[in-house]
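The primary structure of each chain is shown beneath.
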Amino acid sequence: MSLTTLTSIYRLRSLCRLQRIQGHMMSSQVEPEVLLEKVARAGVITLNRPKALNALNLPMVRQIYPQLKKWENDDDIDIVLIKGAGVKAFCAGGDIRAVTEAGKAGDSLAQDFFREEYILNNAIGSYRKPYIALIDGITMGGGVGLSVHGRFQVATEKTLFAMPETAIGLFPDVGGGHFLPRLRGKLGLFLALTGFRLKGRDVQRAGVATHFVESKKIPDLEKDLVDLKSPSTEDISRVLDTYQNQSDLDAEKPFVLEKHVSDIDRLFSSSSVEGIMQNLKADGSEFANKQAEMLSKMSPMSLKMTYKQLQAGASLSLQDVLVMEYRLSQACMRGHDFYEGVRAVLVDRDQNPKWKPSKLEEVSEQSLEQCFASLGEKDLTF
């Protein structure tokens, strides 16, 4: 075979490969990752990455934020609805893998993602128009940030809520330091430290969602909300209450933590995470032992960071909490445990992270203080 023929074949193969890549890129771009629509007098946001459980990435944040601001000043828009595509998730969290790779490579995404996500969280928290999140499916991490700070959150029997960040060397961010300590008693601290999962009606009972509506009723609910003419907050509440009253699924079941509420308040009342661990071990009940075992698997640094975050956040505005959390996010990017946690839980999946430091008592007060220290001109500003 001549050199000319070989060269032609090679070029043809290269061209075919290039066309395949371009074809793939084009096909992956056919479906936008966020759908932004005006339906009657409502702005409707649909997170559109169902195969990725609608995980939030930076391009999505950069589409949602300006549209939210635009709708806020649009006299033709009365309400904003946000929902997830597919049947499994509202939003299972942030695009942690991309952030991990960026952090390792020293890429600016490790700063940009957190900064812009938190600015979006604040925009939702201070939104001047009714903001309604239909959290029909998995709602964790970044998905919580897109829903919990708005005026209304509608859970269904398919909702699975958790803030599992201490298991990957992170902390319950996206404003977790604001809403978690405002849940009843020590419930927020318990959820933050253990990553305990709440399902269905329990998400509302815990105070994370404002309403519970059966999943099959959500399309009708959405239509009724969109059809409202210049609604007040009370009008929207009435519609949501009506649908909730028609949803009796699991109504007879008690709150999953009902018999442990007083235990949680007692066992998680301590001036330190070490104190909480001592309380749990001394108690010796099945529930306490289970929580002690759970906490022993988490990053000690993350546990201490989270405890301090919620303690401080209890008396701070959402904006101030997000400034604090941005500092913490960058401390995690500089540290060891976040990368190790992502490796153990999401990449290698051996569920065996090697934390540094490996014990609570080895986390120095000085290293903890550094996590909360100002970043100077790199601090988050609004």
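Structural data are supplied above this passage.
The structure reproduced in this document is the subject of the present report. Quick caveat, the model's predicted, so the values are computed rather than measured.

Section: the overall build of the chain
(1) Moving on: What the chain contains, in helices and strands, is 17 helices and ten strands.
(2) Moving on: Relative to the compact-globule value of 21 Å for 382 residues, the chain shows a C-alpha radius of gyration of 23 Å, a close match.
(3) Moving on: Overall, the chain is about 80 × 55 × 40 Å in size when its C-alpha atoms are taken along their principal axes.
(4) Moving on: Put simply, 74% of the contacts in the chain that link residues at least 6 apart link residues at least 24 apart.
(5) Moving on: Accessible area of the chain: about 18100 Å², with a carbon and sulfur share of 52%.
(6) Moving on: Of the side chains in the chain, 48 bear a positive and 49 a negative charge, and the two mean positions are spaced by 5 Å.

Considerations on the sheet that holds strand E8 (residues 160-162)
Note: strands within a sheet are paired through backbone hydrogen bonds, in either parallel or antiparallel orientation.
(1) Moving on: Strand order in this open sheet of four strands is E4-E6-E8-E9, and the pairing throughout is mixed. Two strands lie at the open edges of the sheet, namely strand E4 (89-91) and strand E9 (198-199), each paired on one side alone.
(2) Moving on: Bridge count for E8 against E9 is two bridges, and the pairing is antiparallel. Bridge pairing in E9 places Leu160 opposite Lys199.

Things to note about the side chain of Asn57
(1) Moving on: Among the secondary structure elements, Asn57 is positioned in the loop between strand E2 (42-47) and helix H2 (58-72).
(2) Moving on: A relative accessible area of 8% places Asn57 in the buried class.
(3) Moving on: Reaching out from Asn57, the side chain makes a polar contact with the side chain of Glu33 at a distance of 3.2 Å.
(4) Moving on: In this structure, Asn57 is in contact with Glu33, Arg49, Asp95 and Phe113, ignoring residues within four places of it in sequence.

Comments concerning the packing of helix H12 (residues 273-283) against helix H13 (residues 286-297)
(1) Moving on: Two elements in contact, H12 and H13, have axes whose closest approach is 8 Å; the angle formed by their N-to-C orientations is 140°. Taken together, H12 and H13 sit at an angle that is classed as oblique. Where H12 crosses over H13, the two elements pack in a sense that is left-handed. Contact with H12, carried on its side by Ile276, Met277, Leu280, Lys281 and Asp283, involves Ala288, Asn289, Gln291, Ala292, Leu295 and Ser296 of H13 and no other residues of that element.
(2) Moving on: Here the residues of the contact of H12 with H13 are counted per class, giving six nonpolar, three polar and two charged.

Topic: the packing of H12 against helix H14 (residues 300-313)
(1) Moving on: One way to put it is that H12 packs onto H14 with a least axis distance of 9 Å and a crossing angle of 105°. Of the possible angle classes, the one that applies to H12 and H14 is roughly perpendicular. Where H12 abuts H14, its residues Val273, Glu274 and Ile276 lie against Leu303, Lys304 and Tyr307.
(2) Moving on: Looking at side-chain class alone, the contact of H12 with H14 contains four nonpolar, no polar and two charged residues.

Considering the pattern of salt bridges
(1) Moving on: Enumeration according to the criterion identifies 24 salt bridges in this entry.
(2) Moving on: Glu274 is the partner of Lys304 in a salt bridge, and the nearest nitrogen-oxygen pair spans 2.7 Å. Of this pair, Lys304 sits in helix H14 while Glu274 sits in helix H12, placing them 30 residues apart in sequence.
(3) Moving on: The class for Glu274 is partly exposed, based on a relative accessible area of 22%.

Re the side chain of Arg201
(1) Moving on: Within the element layout of this structure, Arg201 appears in helix H8 (residues 201-205).
(2) Moving on: Buried and without a salt bridge, Arg201 has Glu214 as its closest oppositely charged side chain, separated by 5.5 Å.

Structural notes on the environment of Ile168
(1) Moving on: For Ile168, the location among the structural elements is in the loop between E8 and helix H6 (176-179).
(2) Moving on: Residues contacting Ile168, with those up to four places away along its chain left out, are Ile96, Asp337, Phe338, Gly341, Val342, Val345 and Trp355.

Digging into the pairing of E2
Remark: a regular strand shows side chains that alternate across the two faces of the sheet.
(1) Moving on: For E2, a buried count of six out of six residues is recorded, marking the element as mostly surrounded by other parts of the structure.
(2) Moving on: Of the strand pairs in this sheet, strand E1 (residues 34-39) and E2 are connected by six bridges, and their pairing is antiparallel. Each residue of the ladder has a partner; that of Val34, found in E2, is Leu47.
(3) Moving on: Once the chain exits E2 it traverses H2 before rejoining the sheet at strand E3 (residues 79-84), and the crossover so formed is right-handed.

What to know about empty space enclosed by the protein
(1) Moving on: Across all of its chains, the model carries one cavity of 30 Å³ or more by this definition.
(2) Moving on: Lining the largest cavity, in full, are Arg184, Lys186, Leu187, Val261, Ile264 and Asp265.
(3) Moving on: The dominant element in the lining of the largest cavity, judged by the number of residues it contributes, is helix H11 (residues 261-267), at three residues.
(4) Moving on: Split into classes, the residues belonging to the lining of the largest cavity amount to three nonpolar, no polar and three charged.

About the cut-offs
- Residues numbered from 1 in each chain as written.
- Predicted model: local features only at pLDDT ≥ 70, side-chain atom pairs only at ≥ 80, totals over all residues.
- Heavy atoms only, no water.
- Helix = DSSP H or I, 4+ residues; strand = E, 2+ residues; numbered from the N terminus.
- Rg over C-alpha atoms; globule rule 2.2 N^0.38 Å.
- Contact = heavy atoms within 4.5 Å.
- Areas by Shrake-Rupley, 256 points an atom, 1.4 Å probe, with all protein chains shown as cover.
- Lys, Arg positive; Asp, Glu negative; His and termini not counted.
- Charge placed at Lys NZ, Arg CZ, Asp CG, Glu CD.
- Pairing = 2+ DSSP bridges.
- Buried < 20%, exposed > 50% of the residue type's maximum accessible area, 1.4 Å probe, protein only.
- Polar contact = N/O pair within 3.5 Å; in protein donor to acceptor, adjacent residues only side chain to side chain.
- Axes fitted to C-alpha atoms, helices over the stretch in contact; angles between N-to-C directions.
- Parallel < 35°, antiparallel > 145°, perpendicular 65-115°, else oblique.
- Left-handed = near helix turned anticlockwise from the far one by under 90°.
- Nonpolar A, V, L, I, M, F, W, Y, C, P; charged D, E, K, R; others polar.
- Salt bridge = Lys/Arg side-chain N within 4 Å of Asp/Glu carboxyl O.
- Right-handed = clockwise from strand over helix to strand, strands pointing away.
- 1 Å grid on protein atoms, 1.4 Å probe; cavity = no way out; pocket = protein on both sides within 12 Å on 5 of 7 lines; lining within 4 Å.
- Points joined across faces, edges and corners; volume = space filled by probe spheres on them.

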